[in-house]
Amino acid sequence: MNATLRNIWTVTLHELTDSIRSRRAIVLLILYALNAVVATLIFVKVLHEMENQFEKAVGVAEAQKAGGTTTAMWKNRHFRELISHLVGNKETAEKLLETPPLALFFGWLSFFYTPLLVILMSASRISEEIWSGSVRFMMFRTSRLSWCVGKYAGQALQLLVALLLSGLAAWITGWCRMGFFDPGANAAAIALFSLKAWIYGIAFLGLAMGVSQIIASPHVATAIGFVVMILFSVVSMLAEWVTRQPWQEILNALDLLVPGGHKMDLWLPDALHAGVATVFLLALGAAYMLAGYVRFSRRNL
Amino acid sequence: MNAALELKGVVKTYGRRRALDGLDLAVPRGSIFGLVGSNGAGKTTALAVTVGLLCRDAGTVNLLGEGTFDPLRHAGRVTLLPQDSRLPLHARAEDLLWFYGRLQGLTEGTLRESIDEVLEWVHLNDRRRSPVRTLSHGMMRRLTIAQAFLGQPELVLLDEPMSGLDPREAARIRAILKRRHDAQTVVISSHNLHELETLCDGAAFIEAGRLVRQDNMDTLTRRSRRVTYFLEPGGRALPMEELKQALPGATWEQTPDGAELTVKFFDETARAAEVNARALAVLLGHGIGVLEIRRGSNLESEYFSVTDAHAAPVAPST
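Everything numeric in this text was worked out from a predicted model, so none of it was measured.

The rules behind the values
Residues numbered from 1 in each chain as written. Chains lettered and ligands numbered in written order. Predicted model: local features only at pLDDT ≥ 70, side-chain atom pairs only at ≥ 80, totals over all residues. Heavy atoms only, no water. Helix = DSSP H or I, 4+ residues; strand = E, 2+ residues; numbered from the N terminus. Buried < 20%, exposed > 50% of the residue type's maximum accessible area, 1.4 Å probe, protein only. Areas by Shrake-Rupley, 256 points an atom, 1.4 Å probe, with all protein chains shown as cover. Lys, Arg positive; Asp, Glu negative; His and termini not counted. Charge placed at Lys NZ, Arg CZ, Asp CG, Glu CD. 1 Å grid on protein atoms, 1.4 Å probe; cavity = no way out; pocket = protein on both sides within 12 Å on 5 of 7 lines; lining within 4 Å. Points joined across faces, edges and corners; volume = space filled by probe spheres on them. Nonpolar A, V, L, I, M, F, W, Y, C, P; charged D, E, K, R; others polar. Core = buried A, V, L, I, M, F, W, Y, C linked by side-chain atoms within 4.5 Å. Contact = heavy atoms within 4.5 Å. Expected span 1.5 Å × (residues − 1). Polar contact = N/O pair within 3.5 Å; in protein donor to acceptor, adjacent residues only side chain to side chain. Buried area = accessible area lost by both parts, 1.4 Å probe. Salt bridge = Lys/Arg side-chain N within 4 Å of Asp/Glu carboxyl O.

1. Focus on the overall build of chain A
Thinking step 1. Scanning chain A from terminus to terminus reveals 13 helices and 0 strands.
Thinking step 2. Start at the N end of chain A and walk to the C end: the helices and strands fall as α-α-α-α-α-α-α-α-α-α-α-α-α.
Thinking step 3. Oriented by its inertia axes, the alpha-carbon framework of chain A measures out at about 75 × 50 × 35 Å.
Thinking step 4. Within chain A, buried positions represent 51% of all 301 residues.
Thinking step 5. About 14,500 Å² of surface is accessible on chain A, with carbon and sulfur atoms providing 70% of the total.
Thinking step 6. Between the mean site of the 24 positive side-chain charges and the mean site of the 18 negative ones, chain A shows a separation of 13 Å.

2. A word on empty space enclosed by the protein
Residue and element names in this part refer to chain A.
Thinking step 1. This model, assessed by the stated rule, comprises 1 cavity of 30 Å³ or more.
Thinking step 2. Quantified by volume, the largest cavity comes out at close to 60 Å³.
Thinking step 3. Surrounding the largest cavity, Leu28, Tyr32, Leu117, Val118, Met121, Ser122, Gln155, Gln158, Leu159 and Leu205 form its lining.
Thinking step 4. Considering only residue class, the lining of the largest cavity consists of 7 nonpolar, 3 polar and no charged.

3. Description of the nonpolar core
Thinking step 1. Judged by nonpolar contacts, the single largest core of 155 residues is most densely connected at B:Phe149 and B:Leu177.
Thinking step 2. Examining the composition of this core, we find that 14 residues originate from one element, helix α9 (residues 183–214) of chain A, more than from any other.
Thinking step 3. In this view, B:Phe149 contacts B:Ser114, B:Val118, B:Trp121, B:Val156, B:Leu158, B:Leu177, B:Gln184 and B:Val186; residues no more than four positions away in its chain are not counted.

4. With respect to helix α10 (residues 272–285) of chain B
Residue and element names in this part refer to chain B.
Thinking step 1. Between its first and last C-alpha, α10 extends 19 Å over 14 residues, near the 20 Å set by a 1.5 Å rise per residue.
Thinking step 2. Residues Ala272, Val275, Asn276, Ala279, Leu280, Val282 and Leu283 constitute the buried set of α10.
Thinking step 3. Where α10 is buried, its residues contact β10 (226–231), α9 (240–246), β11 (251–254), β12 (260–264) and β13 (290–295).
Thinking step 4. Note on α10: the residue one or two positions beyond its end, Gly287, has a positive phi of about 70°.

5. Describing α9(A)
Thinking step 1. The end-to-end C-alpha separation of α9(A) is 45 Å, in line with the 46 Å expected for 32 residues at 1.5 Å each.
Thinking step 2. Among the residues of α9(A), the N-terminal cap falls to A:Asp182, whose side-chain oxygen and the backbone nitrogen of A:Gly184 are separated by 3.2 Å.

6. What to know about unusual backbone geometry
Thinking step 1. Cis geometry marks the peptide bond from A:Gln245 to A:Pro246; its omega dihedral reads 0°.
Thinking step 2. Take A:Pro246: it is sitting in the loop between α10 (218–241) and α11 (247–255).

7. Description of the interface of chain B and chain A
One frequently used descriptor of interface size is the decrease in accessible area upon assembly of the parts.
Thinking step 1. With 38 residues of chain B at the interface, the matching set in chain A holds 27 residues.
Thinking step 2. Across the chain B/chain A interface, buried area totals approximately 2,600 Å², and carbon plus sulfur atoms make up 61% of it.
Thinking step 3. The largest share of the area that chain B buries against chain A comes from B:Leu53, B:Phe99 and B:Leu103, three residues that together contribute 26% of it.
Thinking step 4. Summed over the shared surface of chain B and chain A, the number is 1 salt bridge.
Thinking step 5. The partner of A:Arg21 in a salt bridge is B:Asp95, and the shortest N-O contact between them spans 3.3 Å.
Thinking step 6. Viewed at the interface, chain A and chain B are joined by 13 residue pairs in polar contact (both at pLDDT 80 or more).
Thinking step 7. The set of elements that each furnish at least two residues to the side of chain B that touches chain A consists of β1 (3–14), α2 (71–74), β5 (78–81), α3 (93–103) and α5 (137–148) of chain B.
Thinking step 8. With 6 residues, the single largest contributor to the side of chain B that touches chain A is α3(B).
Thinking step 9. Residues that form the side of chain B that touches chain A fall into these classes: 21 nonpolar, 10 polar and 7 charged.

The following block contains the structure:
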């Protein structure tokens, strides 16, 4: 194996084992799984309440468990037409309606919390090694780029495991708490959303690792990571709201450079949109990481 | 000279401050070489620049005759014990060495043998499975020394290697350094000049980021040109004429209290043993008690005499 690839792989493995030893990985997995379980429980409860109110309004017996009425409504032709109208594209709406409600909720949830947890857990990964000086034991053994890429890959693998585990937690919770639950369809849809959330998270991981290479203080790096993430969200929101020229065009162009600008494409069920969004998000992650590397490659360690 | 490390006109600035101000240095291959200098003289900076931890502003670095440090070319061949750097606390000692060894390209078999060897050297074999955070300060220091010798590197840079070590472990490390294989070059930055004097073949005095003097240890400490006799106090008058006749061409110096007598000989061919034989014959023949004999000066005295002009003035105490 080429020395560079071998070193990237060595650093990736070390990053994983170090996370396990330091219990960082356990904290990460617990955070993701707990988040998924609690959110799913709230979702099931709210859904049950809404269904019971609906059942009361139409004069039918209230169901003991959640999911029955929604499943029936999901199959209702008029409801489907309403959703098609709201989405504005019948094919997309049909695809979305093929997705079980719990999976849709999980998708929304994981897209919401993944960036937050990524910044929280990863923005200090390089800076803390600069801060403690432990980076100095490695930089005469491998290139700075190999080390950074290895750290990035290690964090990306941890994120994938965490998202799949949170999907599993949501799936088990739904299976236990919902009356009408299609295990196969839910498992497939939740797994797909976990992968999509991972791709979305990879872009934020690039941001976290980029900031971590620029800022030597772990706490400051995490804080700046959050600030930049908020700025990215503001750009995406403004790109949606602002209609005055030339601001709209400028904001739309800027929106292409932030992960939020590709979120909806990644959500869409068709392979073309999701594929293009995937390429953009992976490229953005790499670009943010490399932007940090420009500083790291020349910094005094 | 076949140099393992050569720095020419290296400049490194931190803001307005010049940590290295055109530093020149040439470390002979296969030697143990000491870097001596006051705090902030630039020793640590020089070592960090050598392995690319710090980016230099000017000058050239030539490592093993192959140019500037390149991780792909020099990984595993040049290692560093950095000063004030913390090892990752959660890793186990053995796993950490394994990780470092793999990064520097050692194969599994070689690495396993090398880990056993260096852990044995630093007396940490019984703690190999312990997480770094459970090791004492001295043990962590020994582990950092172990990592620097992993895989028999050609050039080892040690920044204050003995700080924090107990006397027994320090002596053990000194013995290990002396037993290193012939082709290995070791550069040691230290404030312990006695230690450097006993360990090193050569040394460089660095002050204010510049080389003040560099030479082999014999020349630096004038071992081949000076012998000092420590005499019994209150003894008899010294037979100076007889001594001068015994060693023609040598000059004699005596301290006012008569306790130290130094002979300086400029003839390169004169051997210390021969000088001793002649001088002692005269001294003992006159019943003068000789308490101790020291060959040469010592590194500390030479360092002070050479660098006094460069050292920062000491602020008066209030």
